[in-house]
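Spelled out, the chains give:
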Amino acid sequence: MFAPLVAWLRQQQITFSENAAIGPHLYFKIGGTVSLLVTCNAAAQLAAVMKKVIAGKLPYLVIGGGSNIAFFDGLTRVVVVLAQAASCGSTVPIRLLDDRSLAVESGVRNQQLLSWCAAKGAGGLEFLSGIPGTIGGAAAVNAGAFGCAMADVLGGADIIDAQGNLRTVDSGHFGFAYRDSSFKFGRDILLSLRLKFSPGDEGLISIKIRDNLEYRLAHHPSYSQASAGCFFKNPWLRGVKASAGKIIEECGLKNMTVGGLSVAGEHGNFLLNHGNASFRDLQCLEKKIQSAVAARSGVVLEREVIYVAADGSKY
Ligand SMILES: Cc1cc2nc3c(=O)[nH]c(=O)nc-3n(C[C@H](O)[C@H](O)[C@H](O)COP(=O)(O)OP(=O)(O)OC[C@H]3O[C@@H](n4cnc5c(N)ncnc54)[C@H](O)[C@@H]3O)c2cc1C
């Protein structure tokens, strides 16, 4: 099924591997193998690959930094495309559109975008400091922190829709909700984004970026431990957003372990993979936490992290 695409990728000299282990490409390090793994390092290349994949009616999944996702343990029969951007010194794929908006390719890392913002005096995106992954992934899941989220700064995007058409859409197309958008479980692909910013002082923007990162380093488990960040969404309780981590801790579940996976001692909403956790361990720990929390506090916790099934569908 994938042979014509493989031949084309070879001809185009695009990086790919067949029956590739997906775990090493994910922050959680959980997942088996995928039929084909393609790495794109520019939006134009991503567009060309996706047109080919969609024209061939192949099952596909586009991911960015892989920091919010875990795959099934066996073989996932799908083309996984890593949408990343090569960082080549001054030629970062980010440009000013006017004095309050910028265009950025979806594969640019958040921290790369923030360095650019600090240098140009573009404020308002500092909440992304310390959130791993790409700006495309951040938009797809409406990532946020410190009271701001991508929905607050996104103006529009250039996309390829599931029929292979290039389109320019506005923020309404994203259907943003808390840690959710139409891209999170959808088929459309983000090529580049238009983001709004507020002009500001370069030094102050740098300080805010640093302070936000320091806060995270002090309150979250170390970045060197495999996780996908907050595993459950913060639930609404009596009209207010409550902390899922606090609820898990109050239920006495810190350090609860299944196989190679445990609830972090530092933060109840981080599940840590100690090196050999399977997808099965993850599902089992998720269920144990959800039932213990429901029994002890009556709260129903909803997963924030994305799972990928054997057929490549996200859920
Ligand atoms: C230590 C740690 C801390 C974290 N802290 C936070 C936090 O404070 N706030 C927060 O919101 N999240 C946090 N996260 C979760 C995660 O980092 C964010 O959700 C991040 O924005 C996901 O980006 P990504 O590029 O890694 O996306 P991926 O995990 O690669 O993908 C996520 C989703 O986006 C889709 N996607 C990615 N790229 C594209 C594209 N080009 N076109 C279409 N769809 C695409 C994927 O298909 C998938 O549905 C944390 C994770 C870790 C490991």
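Our subject is the structure listed above.
Keep in mind that what you see is a predicted model, and the values were worked out from it rather than measured. (Residues numbered from 1 in each chain as written. Predicted model: local features only at pLDDT ≥ 70, side-chain atom pairs only at ≥ 80, totals over all residues. Heavy atoms only, no water.)

1. Side note on the sheet that holds strand 5 (residues 75-83)
- Across the sheet, four strands lie side by side as 1-2-5-3; this open sheet has mixed pairing. Only two strands of the sheet have a single neighbouring strand rather than two, namely strand 1 (16-21) and strand 3 (60-63). Looking at each pair of strands side by side, their axes are set apart by 30° on average, direction ignored.
- In terms of strand pairing, strand 1 meets strand 2 (residues 33-40) through five bridges, oriented antiparallel. (Pairing = 2+ DSSP bridges. Helix = DSSP H or I, 4+ residues; strand = E, 2+ residues; numbered from the N terminus. Axes fitted to C-alpha atoms, helices over the stretch in contact; angles between N-to-C directions.)

2. Points about the environment of Gly-130
- Mapping Gly-130 onto the fold places it in the loop between strand 8 (122-123) and helix 4 (135-141).
- Residues Gly-130 and Lys-314 lie 184 residues apart in sequence; the distance between their C-alpha atoms is 25 Å.
- The contacts of Gly-130, once residues within four sequence positions are left out, are Gln-111, Leu-213, Arg-216 and Tyr-223. (Contact = heavy atoms within 4.5 Å.)

3. With respect to the environment of Asp-211
- Following the sequence through the fold, Asp-211 ends up in helix 5 (residues 202-219).
- In sequence terms Asp-211 and Glu-126 are 85 residues apart; their C-alpha atoms lie 9.5 Å from each other.

4. Looking at unusual backbone geometry
- Unlike most non-glycine residues, Lys-29 shows phi in positive territory, near 60°.
- One can find Lys-29 in the loop between strand 1 and strand 2.
- Its identity as a non-glycine residue notwithstanding, Asn-142 has a phi of 50°, on the positive side.
- On the accessibility criterion, Asn-142 (5% relative accessible area) is buried. (Buried < 20%, exposed > 50% of the residue type's maximum accessible area, 1.4 Å probe, protein only.)

5. Section: the sheet that holds strand 12 (residues 166-170)
- On the basis of which strands lie adjacent, the open sheet formed by five strands has the order 6-7-13-11-12 and antiparallel pairing. Bordering the open sheet on either side are strand 6 (94-98) and strand 12, each of which pairs with just one other strand. Across the sheet, the axes of successive neighbouring strands diverge by a mean angle of 20°, strand direction being ignored.
- Pairing between strand 7 (residues 101-105) and strand 13 (residues 189-196): five bridges, direction antiparallel. Paired with Glu-105 across the strands is Ser-192, a residue of strand 13.
- With respect to the sheet, helix 2 (residues 43-55) is in contact with strand 7, strand 11 (154-160), strand 12 and strand 13, its orientation differing from that of strand 13 by roughly 145°.

6. Comments concerning the side chain of Asn-142
- Turning to its location among the elements, Asn-142 is positioned in the loop between helix 4 and strand 9 (144-145).
- A distance of 2.8 Å separates the side chain of Asn-142 from the backbone oxygen of Ala-177, its partner in a polar contact.
- Leave out the neighbours within four places in its chain, and Asn-142 touches Ala-149, Met-150, Ala-151, Phe-176, Ala-177, Tyr-178, Arg-179 and Asp-180. (Polar contact = N/O pair within 3.5 Å; in protein donor to acceptor, adjacent residues only side chain to side chain.)

7. Things to note about the pairing of strand 13
- Within strand 13, six of the eight residues are buried, which leaves it mostly tucked inside the rest of the structure.
- With six bridges connecting them, strand 11 and strand 13 associate as antiparallel partners. Residue pairing for strand 13: Leu-154 is matched across the bridge by Leu-195.

8. Quick word on the pattern of salt bridges
- Enumeration over the complete set of coordinates arrives at five salt bridges.
- Glu-214 is paired through a salt bridge with Arg-210; the nearest N and O atoms lie 3.8 Å apart. Pair noted here: Glu-214 and Arg-210 are both in helix 5, with a separation of four residues, about one helical turn.
- The partly exposed category is assigned to Arg-210, whose relative accessible area is 46%.
- Note that Glu-302 is salt-bridged to Lys-233, the shortest N-O span being 3.3 Å. Here Glu-302 is found in the loop between helix 7 (279-297) and strand 20 (306-308), whereas its partner Lys-233 is found in the loop between helix 5 and strand 15 (236-237), with 69 residues between them in sequence. (Salt bridge = Lys/Arg side-chain N within 4 Å of Asp/Glu carboxyl O.)

9. Let's talk about the nonpolar core
- In this structure, Leu-102, Leu-113, Leu-125, Leu-128, Ile-135, Leu-193 and Leu-195 are the most contacted members of the largest nonpolar core, which totals 51 residues.
- Both domain 1 (3-83) and domain 2 (94-218) contribute no fewer than three residues apiece to this core.
- Every residue in contact with Leu-102, bar those within four places of it in the chain, is listed here: Ile-94, Arg-95, Leu-96, Leu-97, Leu-113, Trp-116, Cys-117, Leu-125, Leu-193, Arg-194, Leu-195 and Phe-197.
- In terms of nonpolar packing, the next biggest core, distinct from the first, is built from 28 residues, Ala-242, Phe-279, Leu-282 and Leu-301 among them. (Core = buried A, V, L, I, M, F, W, Y, C linked by side-chain atoms within 4.5 Å. Domains from an automatic or database assignment.)

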